[in-house]
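If you want the building blocks of each chain, they are given just below.
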Amino acid sequence: MTSSTGDDHTEHKAWWKSAIIYQIYPTSFFDSNGDGIGDLNGIASKLDYIKDLGVTVIWLSPIYKSPLADMGYDIADYRQIDPRYGTLEDWDRLLKGVHEREMKLMMDLVVNHTSDEHEWFISSSSSKSSPKRGWYIWRPPRTDNKTGVPNNWKSMFEGSVWQYHQETEEYYLHLWDKKQPDLNWENEDVREAVWDVMKFWLDRGCDGFRMDVINVISKTPGLPDAPITDPGEEYQPGTNDSPLSPSLSYPYSSRILLLYLLMNSPRVHEFLREMHTKVLSHYPTITVGETPFTHDPNVLAEYTLPKNNELMMVFPFELMHVDTPLAEGKPQGQATGNKGEGEVVAERAELMYREWKLDELKKIVEKWQLLKMREGYWSGVYIENHDQARSVSRFGNDSSDELQVHSAKGLAVWHVSMRGTCYVYQGQELGLKNAPRSWGIENFLDVASRNWYDKILEQRRKSTGEANPNMDDIMEGIHMKARDHARMPMPVSVLWSSSPNAGFTTGTPWMKVNDDYERWNAASQVGNDDSVLAFWKKALRVRKEYEVLVYGNFTLLAPTHQQLFAYTRKMRNGTVGLVVMNYSKEEVVVDVPKDLTGLQEGGEGYNELGLRCVLSNAGGDSEGESLKEKMVLKPYDARLYISTQ
């Protein structure tokens with residue numbers, strides 16, 4: 001059931017907007033058979049835990065048959081479960097258990113590319129005359145350059161996007177790994193095959209899809225060369241000032257990481273409208289699009305506006321780049337290596353880290369919270385997922401167990417009070433942190449991190465003449481931001497006990513578990529009223545109780561304050577939510593009339609709003625207190641007030 005007021009969608013209500021969605025990375029969630037890999041039966045055994053948290057929808061990362069070149073995002077058969085995870089019958093039982101607990105189940109739809117072991121690609125690559133040759137993007141060698149590659153685009157995982165196929169003497173396009181050839185969405189047969197895959201899962205009972213890199217499915221016509229933004233590199237990332245994106249505010253300016261030759265290309269909206277017409281409109285689905293490399297709000301909004309009949313919501317990525325370094329004179333998405341060792345440009349700058357300022361984060365939050373509310377834009381709200389490091393390490397403070405607990409609870413207050421659909425990643429509800437700094441590159445398995453590290457290492461060896469050049473800056477970024485932090489068994493997925501291998505498996509885990517598993521695990525938090533887990537349960541109950549936290553307008557307070565993060569959420573019926581957080585390591589004294597001036601719009605005094613604290617990590621009697629003229633916030637204190645009028 002949905003509702004709205006005229007053409008104003010600001011408070012348009014729908015079940016999927018108020019949903020609490022819990023993402024599971026199956027490989028690392030729980031192993032039921034001792035082979036060291038998480039599986040569907042392991043997930044099924046923990047459904048009561050998930051339900052008790054307050055979850056209404058479960059999203060599974062890919063579980064399809066796959067050679068795992070990119071951890072399941074290289075799919076060899078869309079209609080089969082990978083034997084590592086179980087069988088279709090196991091999936092059916094899992095779905096039944098989910099539905100019996102009045103939750104829903106989302107699948108990960110990865111259809112920009114397949115595995116090179118998929119039968120479609122095997123047929124396509126068998127001969128130039130294959131009926132499926134046009135299902136992928138093939139090009140003959142060029143004769144006007146030294147390499148013969150069809151263009152100069154750089155892969156997301158380093159090197160060229162083109163892989164030469166010896167048997168048919170042509171190149172195929174792969175924006176990610178060479179074992180992930182891109183589908184040709186210009187081909188109507190490809191689109192119909194994708195619609196059939198979606199119907200297969202929806203008819204089986206699946207409730208919707210998270211759509212992987214969905215803004216990439218349409219490629220720029222002609223596949224032209226990218227501008228030369230890095231003369232020292234053979235292949236170019238396609239980053240530049242783009243006619244598709246106006247200049248944006250700091251920290252991205254007009255040099256935003258857009259990869260405009262690859263993303264949001266002309267026919268993407270046509271394809272998604274066709275998907276809606278032929279599939280989605282016939283099922284009661286929930287949909288969310290992953291839309292990376294797009295910081296232009298006007299471009300991103302088009303995917304979700306109700307009038308367009310495409311997707312329900314998207315994941316904006318700009319917040320995840322607030323700690324990405326900007327090299328002077330370089331486009332966003334590049335960073336300069338150590339001076340004195342030879343300048344090295346690292347295109348995967350999202351794996352490098354810089355200290356960020358609170359006003360930068362607040363600008364990004366405000367921008368996306370306010371985006372086209374009346375027109376109906378909607379976001380998926382997240383600060384962790386399988387591609388991002390742990391939020392308490394990036395945005396909180398994990399320097400001690402005490403601060404880890406306290407800042408994780410503070411992040412929960414922020415997370416549940418944001419406009420948009422709330423997404424929680426496995427282990428986030430436990431306040432889990434990144435792997436320790438003592439881990440070397442050998443402990444990180446992700447293809448993106450390893451390829452990038454190896455490339456920069458080789459460049460520095462050549463530029464310095466040293467066999468072991470300084471790689472501290474690269475490891476600093478990996479320790480802060482690598483995808484592996486979210487993918488480790490147990491310490492980065494759900495810890496079930498403090499037993500060997502964190503209770504994840506009775507065998508040998510597929511990846512090393514976090515060193516702190518004996519202190520940080522689910523068993524130690526279940527039943528502990530002071531735990532991060534107990535706080536998350538309370539926080540999600542509060543979000544469900546007060547609609548203002550889902551649908552209310554957003555007003556940022558104290559925008560330039562470098563310690564205080566405060567904002568209001570307001571409904572037309574007069575309900576007000578106020579969030580006040582100390583986002584620093586120092587105590588802050590808040591003078592409400594002075595520091596939170598926007599709270600008193602319309603001539604009302606703050607004390608006339610009847611604001612009462614309903615959620616606080618400060619302990620004591622802070623919950624239940626009315627808003628006072630002055631408050632003292634200790635480091636990472638966070639309070640949520642709701643009006644009683």
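Residues numbered from 1 in each chain as written. Predicted model: local features only at pLDDT ≥ 70, side-chain atom pairs only at ≥ 80, totals over all residues. Heavy atoms only, no water.

Before going further, it helps to examine the overall build of the protein. The helix and strand inventory of the protein stands at 16 helices and 24 strands. Split into buried and exposed, the 645 residues of the protein put 65% on the buried side. Of the contacts formed within the protein by residues at least 6 apart in sequence, a portion of 72% connects residues at least 24 apart. In the structure as shown, the protein presents an accessible area of about 23500 Å², 47% of it carried by carbon and sulfur atoms. (Helix = DSSP H or I, 4+ residues; strand = E, 2+ residues; numbered from the N terminus. Buried < 20%, exposed > 50% of the residue type's maximum accessible area, 1.4 Å probe, protein only. Contact = heavy atoms within 4.5 Å. Areas by Shrake-Rupley, 256 points an atom, 1.4 Å probe, with all protein chains shown as cover.)

Helical geometry note: an α-helix holds 3.6 residues per turn, so side chains three or four residues apart project in the same direction. Of all 10 residues in helix H12 (residues 472-481), 8 are buried; the element is thus mostly enclosed. Buried positions along H12 lie against helix H9 (391-394) and helix H11 (447-464).

Moving on, we come to the pairing of strand E19 (residues 564-570). Extensive coverage of E19 is indicated by the burial of 6 of its 7 residues. Where strand E18 (residues 553-557) lies against E19, 5 bridges are found, and the strand directions are antiparallel. Considered in E19, the bridge of leucine 557 is made with alanine 566. In textbook terms, the turn of a hairpin is the stretch between consecutive antiparallel strands, and for E18 and E19 this stretch comprises 6 residues, one of which, alanine 558, has a positive phi near 50°. In sequence, E19 turns back onto strand E20 (residues 576-582) through a hairpin of 5 residues, with glycine 574 there showing a positive phi of about 100°. (Pairing = 2+ DSSP bridges.)

Time to look at the sheet that holds strand E16 (residues 380-381). Spatial strand order, E13-E12-E11-E7-E4-E3-E17-E16: 8 strands in an open sheet with parallel pairing. The open sheet is flanked by strand E13 (313-315) and E16, the only strands paired with a single partner. When E16 meets strand E17 (residues 421-425), the two strands line up parallel, connected through 2 bridges. Bridging from a neighbouring strand, valine 381 pairs with cysteine 422 of E17. The strands that helix H14 (residues 532-545) touches are strand E3 (20-24) and E17; relative to E17, the one it contacts most, it runs at about 165°. (Axes fitted to C-alpha atoms, helices over the stretch in contact; angles between N-to-C directions.)

This part covers empty space enclosed by the protein. Taken as a whole and assessed by the stated rule, the structure comprises 7 cavities of 30 Å³ or more. In this structure, the second largest cavity encloses a volume near 250 Å³. Every residue lining the second largest cavity is counted, 17 residues in all, and those nearest its centre are Pro316, Leu319, Trp368, Val381 and Tyr382. Counting residues per element, the ones that place at least two in the lining of the second largest cavity are helix H8 (358-369), E16 and helix H10 (401-416). Among the elements that take part in the lining of the second largest cavity, H8 stands out by supplying 4 residues, more than any other. For the lining of the second largest cavity, the residue count by class is 12 nonpolar, 4 polar and 1 charged. (1 Å grid on protein atoms, 1.4 Å probe; cavity = no way out; pocket = protein on both sides within 12 Å on 5 of 7 lines; lining within 4 Å. Points joined across faces, edges and corners; volume = space filled by probe spheres on them. Nonpolar A, V, L, I, M, F, W, Y, C, P; charged D, E, K, R; others polar.)

Positionally, serine 115 belongs in the loop between strand E7 (104-109) and helix H4 (119-124). For serine 115, a relative accessible area of 0% corresponds to the buried category. Of note is the side chain of serine 115, whose polar atom sits 2.9 Å from the backbone nitrogen of glutamate 117. In contact with serine 115, not counting residues within four places along its chain, are Pro67, Asp74, Ile75, Ala76, Phe121, Lys179 and Pro181. (Polar contact = N/O pair within 3.5 Å; in protein donor to acceptor, adjacent residues only side chain to side chain.)

Further remarks concern the packing of helix H5 (residues 188-204) against helix H6 (residues 268-278). At a minimum axis distance of 11 Å, the contact between H5 and H6 shows a crossing angle of 45°. In terms of orientation, H5 lies oblique with respect to H6. For the element pair H5 and H6, the recorded crossing hand is right-handed. Taking contact as the criterion, the partners of Arg191, Glu192, Trp195, Met198 and Lys199 in H5 are, on H6, Phe271, Glu274, Met275 and Lys278. Here the contact of H5 with H6 is built from residues that sort into 4 nonpolar, no polar and 5 charged. (Parallel < 35°, antiparallel > 145°, perpendicular 65-115°, else oblique. Left-handed = near helix turned anticlockwise from the far one by under 90°.)

As a further point, take the packing of aromatic side chains. Scanning the model with the defined rule gives 29 aromatic pairs in all. Where tryptophan 185 meets tryptophan 195, the ring centres are 5.8 Å apart and the plane angle is 70°; that geometry is what we call edge-to-face. Highlighted residues: tryptophan 185 in the loop between strand E10 (170-173) and H5 and tryptophan 195 in helix H5, separated in sequence by 10 residues. The exposure classification of tryptophan 185 matches that of tryptophan 195, with both residues buried. (Phe/Tyr/Trp six-rings, centres within 6.5 Å; stacked < 30°, edge-to-face > 60°.)

All right, on to the sheet that holds E19 then. What holds strands together in a sheet is hydrogen bonding between their backbones, with the strands either parallel or antiparallel. One open sheet holds the 5 strands; their spatial order is E18-E19-E20-E24-E22, and the pairing between them is antiparallel. One side of each edge strand has no neighbouring strand; the edge strands of this open sheet are E18 and strand E22 (611-616). Averaged over neighbouring strand pairs, the angle between their axes works out to 20° when direction is ignored. In the packing of H10 onto the sheet, contacts are made with E19, E20, E22 and strand E24 (638-643), and the angle to E24 comes to roughly 35°. Its contacts with the sheet place H14 against E22 and E24, and it is angled at close to 140° to E22.

Its location among the elements puts lysine 537 in helix H14. Of the residues examined, lysine 537 reaches a relative accessible area of 18% and is grouped as buried. Setting aside residues no more than four positions away along its own chain, lysine 537 makes contact with Asp52 and Leu53.

Turning next to the nonpolar core. Grouped together as the largest cluster of nonpolar side chains are 137 residues, with contacts concentrated most on Leu60, Trp91, Leu361 and Trp414. In terms of residues, this core owes the most to one element, H5, which gives 8 residues. When sequence neighbours within four positions are dropped, the list of residues in contact with leucine 361 reads Leu319, Val322, Trp356, Phe395, Trp414, Phe565 and Tyr583. Membership of the second largest hydrophobic core comes to 21 residues, among which are Tyr171, Leu173, Trp176 and Ala226. (Core = buried A, V, L, I, M, F, W, Y, C linked by side-chain atoms within 4.5 Å.)

Put simply, H11 and H12 touch, their axes get as near as 11 Å, and they point 170° apart. Between H11 and H12, the angle falls in the class roughly antiparallel. Across from Ser449, Trp452, Tyr453, Ile456 and Arg460 in H11, the residues of H12 making contact are Asp473, Ile474, Met475 and Ile478. Residues that form the contact of H11 with H12 fall into these classes: 6 nonpolar, 1 polar and 2 charged.

The next thing to look at is the confidence of the model for the protein. Residues with a pLDDT of 70 or more make up 88% of the protein, whose mean pLDDT is 89. With pLDDT under 50 throughout, residues 239-258 is counted as low confidence; its partners more than four residues away or in other chains account for 59 contacts. Contacts for the low-pLDDT stretch residues 491-495, under 50 throughout, to residues beyond four places or in other chains number 37 contacts. (pLDDT = per-residue confidence, 0-100.)

Next up on the list: the pattern of salt bridges. Per the counting criterion, the structure on display carries 44 salt bridges. Of the charged contacts in the structure, one is a salt bridge between aspartate 323 and arginine 394, with a shortest N-O distance of 2.9 Å. Of the two residues, aspartate 323 sits in the loop between E13 and strand E14 (335-336) while arginine 394 sits in helix H9, which places them 71 residues apart along the sequence. No difference in accessibility class separates aspartate 323 from arginine 394, as the two residues are buried. Where glutamate 625 meets lysine 628, a salt bridge forms, and the shortest distance between an N and an O atom there is 3.8 Å. Taking the relative accessible area as the measure of exposure, lysine 628 reaches 48% and is therefore partly exposed. By sharing partners, the salt bridges in this structure join Asp70, Asp387, Asp446, Arg483 and Arg487 into a single network. (Salt bridge = Lys/Arg side-chain N within 4 Å of Asp/Glu carboxyl O.)

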